[in-house]
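Breakdown of the fold
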Amino acid sequence: MAIKKSFFLLILILAGFKPVLAQDAPEYRKNAFSFNLTRYAVNELNLSFEHRYSLRRGIEFNAGLIYVNDQLQELTKDWVNTQYFYERGFAARIHYKIFKRKESDETSWRDYIAPGISYKYLYYNNQEFTGDNGGKTEIVYQHRFRNKISLEFLFGKVYEMNNTFALEFYYGAGITGTLSDRYVVYRIPDTKKMDQVLDVNDHSKTFYVRPMVMAGIKLRISL
């Protein structure tokens, strides 16, 4: 009889603690899609999917389609190196997000850090570029492929407008290794003598490492 009373007493105690335990685990949206407005404004259609497997931990998968931005191409046509805005390709990124604990339930801001890795494949085919070679103007007809692998570290802030929509601001730095495969079909050494076409068939590969900085804004939709 004493055992039964003790058993029922234990059930009542656990039942009393159940609401408290539920309150200690706040609800949060586990999945979200993000549109990178900054990259879209430059030359990349970009979409991210984020999965939160805990309140403060998540992983974000990112994909982008890189296109030729005609407006930026026209604005930068007189730059020394304008090939960046001639390129097409795609990008893939993955970041591990660690969110800072909220200082107050009244704030709409969430801070995070996010180490990650990214890959870009870029190319342009059959392009003519006019440049300067030793004080003489020449035309170079070439195509190029580039593979870029980057290690990135981001700092971000998420402003939650409501339970569904949010704005995400980020900035950071990283290091990028690039393998460039360039093939020059011909060169015209002097634009005044268009008949002097040199078939060079110059095929070269180069690898270089450069630092980079990043900043941007995303529109975030939580599900």
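Basis of the calculations
Residues numbered from 1 in each chain as written. Predicted model: local features only at pLDDT ≥ 70, side-chain atom pairs only at ≥ 80, totals over all residues. Heavy atoms only, no water. Patch = residues over 30% accessible without salt bridge, like charges linked within 9 Å, V, L, I, M, F, W, Y side chains within 5 Å. Areas by Shrake-Rupley, 256 points an atom, 1.4 Å probe, with all protein chains shown as cover. Salt bridge = Lys/Arg side-chain N within 4 Å of Asp/Glu carboxyl O. Helix = DSSP H or I, 4+ residues; strand = E, 2+ residues; numbered from the N terminus. Buried < 20%, exposed > 50% of the residue type's maximum accessible area, 1.4 Å probe, protein only. Phe/Tyr/Trp six-rings, centres within 6.5 Å; stacked < 30°, edge-to-face > 60°. Core = buried A, V, L, I, M, F, W, Y, C linked by side-chain atoms within 4.5 Å. Contact = heavy atoms within 4.5 Å. pLDDT = per-residue confidence, 0-100. Pairing = 2+ DSSP bridges. Polar contact = N/O pair within 3.5 Å; in protein donor to acceptor, adjacent residues only side chain to side chain.

Right, let's talk about a nonpolar patch on the surface for a bit. A contiguous nonpolar patch, built from Phe 33, Phe 35, Leu 37, Leu 47, Trp 109, Tyr 159, Met 161, Phe 165, Phe 169, Ile 217 and Leu 223 and spanning about 950 Å² of accessible area, is present on the exposed surface. At the level of secondary structure, the elements contributing two or more residues to the nonpolar patch comprise β1 (31–36) and β7 (165–188). Relative accessible area serves as the criterion here: at 38%, Leu 47 is assigned to the partly exposed category.

Let's shift gears to the packing of aromatic side chains. Considering all chains together, one arrives at nine aromatic pairs under this definition. Aromatic pair Phe 33 and Phe 49: ring centres 5.3 Å apart, planes at 50 degrees, arrangement tilted. Placement of the pair is Phe 33 in strand β1 and Phe 49 in strand β2 (residues 44–52), with a sequence separation of 16 residues. Under the relative-accessibility criterion, Phe 33 is labelled partly exposed at 31%.

Turning our attention to the nonpolar core. Formed by Phe 99, Tyr 112, Ala 114, Leu 154, Val 158, Ala 166, Tyr 170 and Met 214, the largest nonpolar core amounts to eight residues. Those elements giving two or more residues to this core turn out to be β5 (109–133), β6 (136–160) and β7. Residues within four places of Phe 99 in sequence aside, it is in contact with Glu 50, Arg 52, Arg 56, Arg 110, Asp 111, Tyr 112 and Val 158.

We now examine the confidence of the model for the protein. Taken over all residues, the pLDDT of the protein has a mean of 83, while the share at 70 or more is 77%. Considering only residues more than four positions removed or in separate chains, one finds that residues 17–24, a stretch of pLDDT under 50, has zero contacts.

Now for the environment of Gly 177. With respect to the secondary-structure elements, Gly 177 resides in strand β7. Of the residues examined, Gly 177 reaches a relative accessible area of 15% and is grouped as buried. Residues Gly 177 and Asn 147, 30 residues apart in the sequence, show an inter-C-alpha distance of 8.3 Å. Non-local contacts of Gly 177, meaning those with residues more than four positions away in its chain, are made with Asn 147, Lys 148, Ile 149, Phe 207, Tyr 208 and Val 209.

Enumeration according to the criterion identifies 13 salt bridges in this entry. Glu 60 is the salt-bridge partner of Lys 218, the closest N and O atoms lying 3.0 Å from each other. Linking Lys 218 in strand β8 (residues 198–222) with Glu 60 in strand β3 (residues 57–66), this pair joins segments that are 158 residues apart in sequence. Assessed through its relative accessible area of 4%, Lys 218 is described here as buried. The network of salt bridges with shared partners includes Glu 50, Arg 52, Glu 60, Lys 97, Glu 168, Lys 218 and Arg 220.

Let's shift gears to the pairing of strand β4 (residues 88–99). For a regular strand, the rule is simple: side chains alternate between the two faces of the sheet. Side-chain alternation along β4 places Gly 89, Ala 91, Arg 93, His 95, Lys 97 and Phe 99 on a buried face and Arg 88, Phe 90, Ala 92, Ile 94, Tyr 96 and Ile 98 on a face that remains uncovered. Relative to β4, β3 is paired through 10 bridges, and the arrangement is antiparallel. For Ile 59, the partnering residue across the bridge sits in β4 and is Tyr 96.

What follows covers the side chain of Ser 48. Tracing the backbone through its elements, the reader meets Ser 48 in strand β2. Within the local environment of Ser 48, its side chain forms a polar contact with the side chain of Asn 62, the two groups lying 2.5 Å apart. Apart from residues lying up to four places away in sequence, Ser 48 is in contact with Ala 32, Phe 33, Ser 34, Glu 60, Phe 61, Asn 62 and Lys 218.

Moving on: the environment of Ile 175. Tracing the backbone shows Ile 175 in strand β7. Between the C-alpha atoms of Ile 175 and Leu 151, which are 24 residues apart in sequence, the distance is 5.6 Å. The contacts of Ile 175, once residues within four sequence positions are left out, are Ile 149, Ser 150, Leu 151, Val 209, Arg 210, Pro 211 and Met 212.

A few words on the pairing of β2. Here β2 shows one buried face, formed by Glu 44, Asn 46, Ser 48, Glu 50 and Arg 52, and one open face, formed by Leu 45, Leu 47, Phe 49 and His 51. In this structure, β1 lies alongside β2, joined through five bridges in antiparallel fashion. In the strand pairing of β2, Phe 35 is matched with Leu 47. The hairpin formed by β2 and β3 contains four residues between the paired strands.

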